[in-house]
Amino acid sequence: MRWLQIIFQCTRAQSEMLEDSLLELGALSITYQDAADQPVLEPGVGEMPLWPDIKFSALFMAETNTAAVLQQLKESLPFALPEHRVEILERKDWERAWMDHYRAMRFGQRLWICPSWQQPVDVQAVNLMLDPGLAFGTGTHPTTALCLEWLDAADLKGKRVIDFGCGSGVLGIAALLLGAGFVLAVDNDPQALVATQENARRNHCEDYLRAELFHCNLGESWDIVIANILAKPLIELAEPLKAALKTGGSLVLSGLLLEQAETVMQSYRPEVVFCAPVEQEGWIRLEGIRT
């Protein structure tokens, strides 16, 4: 099977808006590489630094009309479209590159996300063995890291959790391994549900996770709703996400920039009372309690 990838030469500032736009236009995954031989040395635990100059690749299905994608990008971006090229990528090449570059990462005090083809760094830690397949969510992006760090610090014992926009299932499975009692993993992409179920089996927690396509009624009385998506869908989905939370339940939102925080929070008020945003590399996490 073949895939298409669009490769951009861009700056760090441009990459943030490019990533949001490309994911909305159907990109299956995003990959960052150093474009100017400027290595990042000795980052702190949980830090996800980026280089000033970036080679930025977006993966698409082979039948994607890349000309249409590029045209929509030109119309939506506030800056000129960066230098780019389109390549055909064989599945085996993409998978090999992914396996060569992905390494175990620690989040918070207890949690490690480990590639399924590698041995855990710390066998005494909480190790989530992950193979994302074609789904989004590995921990490499600051928005996912922010959510994983929240889960690591939270008291999850016996809690019922919704992982909305589950992607690879990394957040929901992390919640289970950290003590949650049950997880509902929700996405609008069937491939994400497949990846989530496979990763749940890989981590021996499939009996405590249900993966399903999104529908407006998510049920009630969930202890935690965590959604790592984008600002626009977070606003549009405010009512069903609020309705799913029980009184005193925690709402965790990520996938947005600091300048979008107030608009997103306003969509959930007054039912949700928010703490101050937590920021990482320009991206933020919102946490609130359902009153």
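Everything below is about the structure printed above this text.
Right, let's walk through the structure included here. (Residues numbered from 1 in each chain as written. Predicted model: local features only at pLDDT ≥ 70, side-chain atom pairs only at ≥ 80, totals over all residues. Heavy atoms only, no water.)

**Focus: helix α4 (residues 142-153)**
In an α-helix, one turn spans 3.6 residues, which is why side chains three or four residues apart end up on the same side. Taking 1.5 Å as the rise per residue, α4 with 12 residues should run 16 Å; its terminal C-alpha atoms sit 17 Å apart, in good agreement. Here α4 lies mainly inside the structure; 10 of its 12 residues are buried. Of all the positions in α4, only Pro142, Thr143, Thr144, Ala145, Leu146, Cys147, Leu148, Trp150, Leu151 and Asp152 are classed as buried. (Helix = DSSP H or I, 4+ residues; strand = E, 2+ residues; numbered from the N terminus. Expected span 1.5 Å × (residues − 1). Buried < 20%, exposed > 50% of the residue type's maximum accessible area, 1.4 Å probe, protein only.)

**Here we look at the packing of α4 against helix α5 (residues 170-177)**
Between α4 and α5, whose axes approach to 10 Å, the crossing angle comes to 15°. The angle between α4 and α5 places the two elements in the roughly parallel class. In this structure, α4 crosses over α5, and the sense of that crossing is right-handed. Across the interface between the two elements, Thr144, Cys147, Leu148 and Leu151 of α4 pack against Val170, Leu171, Ala174 and Ala175 of α5. Split by residue class, the contact of α4 with α5 holds seven nonpolar, one polar and no charged. (Axes fitted to C-alpha atoms, helices over the stretch in contact; angles between N-to-C directions. Parallel < 35°, antiparallel > 145°, perpendicular 65-115°, else oblique. Left-handed = near helix turned anticlockwise from the far one by under 90°. Contact = heavy atoms within 4.5 Å. Nonpolar A, V, L, I, M, F, W, Y, C, P; charged D, E, K, R; others polar.)

**Focus on unusual backbone geometry**
Going from Arg269 to Pro270, the amide bond is cis rather than trans, its omega being 0°. With respect to the helices and strands, Pro270 occurs in the loop between α9 (261-268) and β13 (272-274). With a phi close to 60°, His204 is a non-glycine residue in the positive phi region. Along the chain, His204 falls in the loop between α6 (190-202) and β10 (209-213). Phi is positive for Glu281, close to 55°, though the residue is something other than glycine. Relative to the helices and strands, Glu281 is located in the loop between β14 (278-280) and β15 (283-290). For Glu281, a relative accessible area of 15% puts it in the buried group.

**Quick word on the environment of Lys246**
By the secondary structure assignment, Lys246 is in strand β12 (residues 245-257). With a relative accessible area of 35%, Lys246 lands in the partly exposed category. Lys246 has contacts with Ser221, Trp222, Asp223 and Arg290, leaving out every residue within four places of it along the chain. A polar atom in the side chain of Lys246 sits 2.5 Å from the side chain of Asp223. (Polar contact = N/O pair within 3.5 Å; in protein donor to acceptor, adjacent residues only side chain to side chain.)

**Observations regarding the nonpolar core**
If you look at the biggest cluster of nonpolar residues, it comprises 34 residues, and the most contacted ones within it are Leu111, Ile113, Leu148, Leu151, Leu156 and Leu209. Of the residues forming this core, the biggest block, six residues, is contributed by α5. Apart from the residues lying within four places of it in its own chain, the contact partners of Leu209 are Ile173, Leu176, Phe182, Val183, Ala185, Thr196 and Ala200. Counting 27 residues, the second largest nonpolar core, distinct from the first, contains Val225, Ala227, Ala238 and Phe274. (Core = buried A, V, L, I, M, F, W, Y, C linked by side-chain atoms within 4.5 Å.)

**Some remarks on the packing of helix α1 (residues 12-24) against helix α2 (residues 66-76)**
Interaxial distance between α1 and α2 falls to 11 Å at its minimum, and their mutual angle equals 130°. It follows that α1 is oblique to α2 by the angle criterion. Of the two possible hands of crossing, α1 and α2 adopt the one that is right-handed. Within the contact between the two elements, α1 uses Leu18, Ser21 and Leu22 and α2 uses Val69, Leu73 and Ser76. Classifying every residue of the contact of α1 with α2 by side-chain character gives four nonpolar, two polar and no charged.

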